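So the chains spell out like this:
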Amino acid sequence: MSEYSSDEMMSVAAARALSGGQRCFVGIGLPSTAANVARRTHAPDLVLIYESGTLGSKPDRLPASIGDGILAETADAVISVPEVFNYWLQPGRIDVGFLGAAQLDKFGNINTTVIGDDYADPKVRLPGAGGAPEIAANCHEVYVVVRQTRRSFVDKVDFVTSFGHGTGHGERQRLGLRGAGPTLVITDLGVFRPDPDSHELVLTGVHPGVTVEQVREATGWELTVADELSTTPAPTSDELAVLRALKEASQ
Amino acid sequence: MAEIVSLPGAVAELVRDGDVVALEGFTHLIPVAAGHEIIRQRRRELTLVRMTPDIVYDQLIGAGCARKLIFSWGGNPGVGSLHRFRDAVQHGWPVPLEIEEHSHAGMANRYVAGASGLPFAVLRGYVGTDLPNVTDTIKPITCPFTGETLTAVPALNPDVTIIHAQRADRAGNVQLWGLVGVQKEAVLAARRSLVTVEEVVDELAPVPGGIVLPSWAVDRVAEVPGGAHPSYAQGYSERDNAYYAAWDTISRDRDEFERWVEEVRHERVQL
């Protein structure tokens, strides 16, 4: 087994979460990397949808941006931006929304707007919502992939840009949101799933060589650990080769 | 009917201080040269509208052209943050920037409503998020048929929309293809419109997936080859990723940015 980084483990673990035939709305960055690894390994018929207006993109390198020409040139269909949101996302035609986050909280709420508690006078101004609020609302389920630190993995996000499970305990259903929300969070340390009742994220797996103590250190709330904790299988040489080739092709 | 004119002439005629101005383009076909012309002509107090303000909006904001930004995602795609935008929001430099913040679905629907002659659009969006708490153009609405609560957002009707397209014919019919984003809606929603094109041709050959904006739906067309640089025009140019990376360095520092603005102001512009 070759050496690999924690980022590579995260991308491979996220790729494995996707299965063939699924229709996946892909955010740029870490989610796009993972989705493209999945399509080139175990899930060749994964349908990739990008908010720039492409259905079924099949890029042979990682797109540099959400509107990289390669996404349009390799797509089954290129459509307008209003169409992608209104006809394809909103009615619930997409299985998985695959998102990143600057800040994620224990109920899977995502912040990509501001750091700090005053919106009008933020400590850090982030890019904003993009397509994420409606991706999080309207896909059947949402997977989040994020590098985990105490700053990114917080008790409560400073700003709810995209609604996860709110304050938990079925708040999504009470608000009338039709998708299940975040059902899986993958970080560079491990794997989290919401508790079926409270909807608080619970550590269900760790990546090879990572201890629960390390995960606790990088979690900004009192972490609950599942009774049966799995260990993620290390990346195979094939998975690593695909991931590295995609990255190299985009240099 | 669209008149074919020079870029400086079109901007002088169509873009006025205090206007609501949309320069649209979703990574592809961004009307960057037109943005630089607005900087050169020192427009002020603009309300800038765009789903994805990227580096050309960073430049307009840093040059002091804007008082307000209506947007849904502001960043340097593939690179990181917009430093001039951040400086304006966090420190009011060079002038304070008011923001009106939406999601992509909300912005797209606002243009659709504007293009459709409707006062607002309805969508399944924003529910549970903090955006309605900070943006007063997001309101709940009850469906008169089902009683379901949905979200309403008001139409966007810019004073001027500017887009870049691959080509136009001599009558001013405009053709664009590839990622067409929200450009058609943005033009149809606007009171006045300008399209910069890679080339003006005798005849528009059909292109798969291409759309045509008829001459009578556009006010002015200007031939500006490379007018989308550093973004790209499918079939004409590749995205200049190095420029986006270089912008990160230029825009981090106020002095370096000011030097950049001076260069743009002194560029000789083809008439």
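Residues numbered from 1 in each chain as written. Chains lettered and ligands numbered in written order. Predicted model: local features only at pLDDT ≥ 70, side-chain atom pairs only at ≥ 80, totals over all residues. Heavy atoms only, no water.

1. So, the overall build of chain B
Okay, step 1: Per the secondary structure count, chain B includes 9 helices and 13 strands.
Okay, step 2: Compactness check: chain B gives a C-alpha radius of gyration of 18 Å against a globular reference of 18 Å for 271 residues, within 12% of the reference.
Okay, step 3: Counting only C-alpha atoms and orienting by the principal axes, one finds that chain B spans roughly 55 × 45 × 30 Å.
Okay, step 4: Across the 271 residues that make up chain B, the buried fraction comes to 61%.
Okay, step 5: By sequence separation, contacts in chain B at least 24 residues apart represent 75% of the contacts at least 6 residues apart.
Okay, step 6: Only carbon and sulfur atoms are counted for the fraction: they give 50% of the accessible area of chain B, which is about 10400 Å².
Okay, step 7: Once the 25 positive and 35 negative side-chain charges of chain B are each reduced to a mean point, those two points are 3 Å apart. (Helix = DSSP H or I, 4+ residues; strand = E, 2+ residues; numbered from the N terminus. Rg over C-alpha atoms; globule rule 2.2 N^0.38 Å. Buried < 20%, exposed > 50% of the residue type's maximum accessible area, 1.4 Å probe, protein only. Contact = heavy atoms within 4.5 Å. Areas by Shrake-Rupley, 256 points an atom, 1.4 Å probe, with all protein chains shown as cover. Lys, Arg positive; Asp, Glu negative; His and termini not counted. Charge placed at Lys NZ, Arg CZ, Asp CG, Glu CD.)

2. Let's talk about the overall build of chain A
Okay, step 1: When you go through chain A residue by residue, the secondary structure sums to 8 helices and 15 strands.
Okay, step 2: Taken over the C-alpha trace, chain A has a radius of gyration of 17 Å; the compact-globule value for 251 residues is 18 Å, and the two agree within 12%.
Okay, step 3: Considering only C-alpha atoms, chain A reaches an extent of 45 × 45 × 35 Å along its principal axes.
Okay, step 4: Counting every position in chain A, which comprises 251 residues, the buried fraction comes to 60%.
Okay, step 5: One way to put it: in chain A the 21 positive side-chain charges average out to a point 3 Å from where the 32 negative ones average out.

3. A short note on the interface of chain B and chain A
Okay, step 1: Listed by partner, the interface residues are 42 residues for chain B and 43 residues for chain A.
Okay, step 2: Our enumeration of links across chain B and chain A arrives at 1 salt bridge.
Okay, step 3: A salt bridge links A:R125 to B:E101; its shortest N-O distance comes to 2.5 Å.
Okay, step 4: There are 19 residue pairs in polar contact (both at pLDDT 80 or more) connecting chain B and chain A. (Salt bridge = Lys/Arg side-chain N within 4 Å of Asp/Glu carboxyl O. Polar contact = N/O pair within 3.5 Å; in protein donor to acceptor, adjacent residues only side chain to side chain.)

4. Looking at the packing of helix 1 (residues 6-17) of chain A against helix 8 (residues 237-249) of chain A
If you want to describe how two helices pack, look at the angle between their axes and the distance between the axes.
Residues and elements named next belong to chain A.
Okay, step 1: Interhelical geometry of helix 1 versus helix 8 gives an angle of 105° and a closest axis separation of 11 Å. On the basis of the axis angle, helix 1 is roughly perpendicular to helix 8. On helix 8, the residues touching E8, S11, V12 and R16 of helix 1 are E239, L240, L243 and R244.
Okay, step 2: The residue makeup of the contact of helix 1 with helix 8, split by class, is 3 nonpolar, 1 polar and 4 charged. (Axes fitted to C-alpha atoms, helices over the stretch in contact; angles between N-to-C directions. Parallel < 35°, antiparallel > 145°, perpendicular 65-115°, else oblique. Nonpolar A, V, L, I, M, F, W, Y, C, P; charged D, E, K, R; others polar.)

5. Observations regarding the pattern of salt bridges
All names here are of chain B.
Okay, step 1: The full count for this structure, using the stated rule, is 26 salt bridges over all chains.
Okay, step 2: The partner of D54 in a salt bridge is R50, with the nearest N and O atoms 2.9 Å apart.
Okay, step 3: In this structure D54 comes out as buried when scored by relative accessible area, which is 2%.
Okay, step 4: Given the relative accessible area of 0%, R50 is considered buried.
Okay, step 5: Taken together, the shared-partner salt bridges in this structure form one network comprising R67, K68, E98, E100 and R110.

6. Quick notes on the sheet that holds strand 11 (residues 153-154) of chain A
All names here are of chain A.
Okay, step 1: Taken together, the 3 strands give an open sheet; going across it, the order is 7-6-11, and neighbouring strands pair in mixed fashion. Each end of this open sheet is capped by a strand with a single partner; those strands are strand 7 (110-111) and strand 11.
Okay, step 2: Sheet topology places strand 6 (residues 103-105) next to strand 7; 2 bridges connect them, and they run antiparallel. Residue Q103 lies in a different strand from strand 7, and its bridge partner there is N111. (Pairing = 2+ DSSP bridges.)

7. Here's the deal with the pairing of strand 5 (residues 96-99) of chain A
Residue and element names in this part refer to chain A.
Okay, step 1: The alternating pattern of strand 5 places V96 and F98 on one face and G97 and L99 on the opposite face, and all of these are buried.
Okay, step 2: Of the strand pairs in this sheet, strand 1 (residues 23-26) and strand 5 are connected by 3 bridges, and their pairing is parallel. Note that in strand 5 the partner of F25 across the bridge is G97.
Okay, step 3: Note: strand 5 against strand 10 (residues 141-145), 4 bridges, orientation parallel. Looking across to strand 10, one finds that G97 is bridged to V142.

8. Points about the sheet that holds strand 2 (residues 47-50) of chain A
Residue and element names in this part refer to chain A.
Okay, step 1: On the basis of which strands lie adjacent, the open sheet formed by 10 strands has the order 4-3-2-1-5-10-12-13-14-15 and mixed pairing. Whereas interior strands pair on both sides, the edge strands pair on one side only; in this sheet they are strand 4 (77-78) and strand 15 (224-231).
Okay, step 2: Each of strand 1, strand 2 and strand 3 (54-55) is contacted by helix 4 (residues 81-89), which is oriented at about 145° to strand 1, the strand it contacts most.

9. Re a negative patch on the surface
Okay, step 1: Together, A:D117, A:D118, A:D121 and A:D158 give the surface a local cluster of negative charge.
Okay, step 2: Looking at where A:D121 falls in the secondary structure, it is placed in the loop between strand 8 (114-115) and strand 9 (124-125). (Patch = residues over 30% accessible without salt bridge, like charges linked within 9 Å, V, L, I, M, F, W, Y side chains within 5 Å.)

10. Some words on the side chain of A:R39
Okay, step 1: Here A:R39 is to be found in helix 2 (residues 30-40).
Okay, step 2: No salt bridge is formed by the buried A:R39; its nearest oppositely charged neighbour, A:D60, is found at 7.9 Å.

11. Here we look at the packing of aromatic side chains
Okay, step 1: According to the stated counting rule, one finds 10 aromatic pairs over all chains in the structure shown.
Okay, step 2: Where B:F257 meets B:W260, the ring centres are 6.0 Å apart and the plane angle is 25°; that geometry is what we call stacked. Placement of both B:F257 and B:W260 in helix 9 (residues 254-266) is noted, with a separation of 3 residues, approximately one turn of the helix. No difference in accessibility class separates B:F257 from B:W260, as the two residues are buried.
Okay, step 3: Chaining the aromatic ring pairs together yields one cluster made of A:F153, A:F192 and A:W221.
Okay, step 4: Above the plane of the ring of A:W88 lies A:R93, whose end atom (NZ or CZ) is 5.7 Å from the centre. (Phe/Tyr/Trp six-rings, centres within 6.5 Å; stacked < 30°, edge-to-face > 60°. Lys NZ or Arg CZ within 6 Å of the ring centre and 35° of its normal.)

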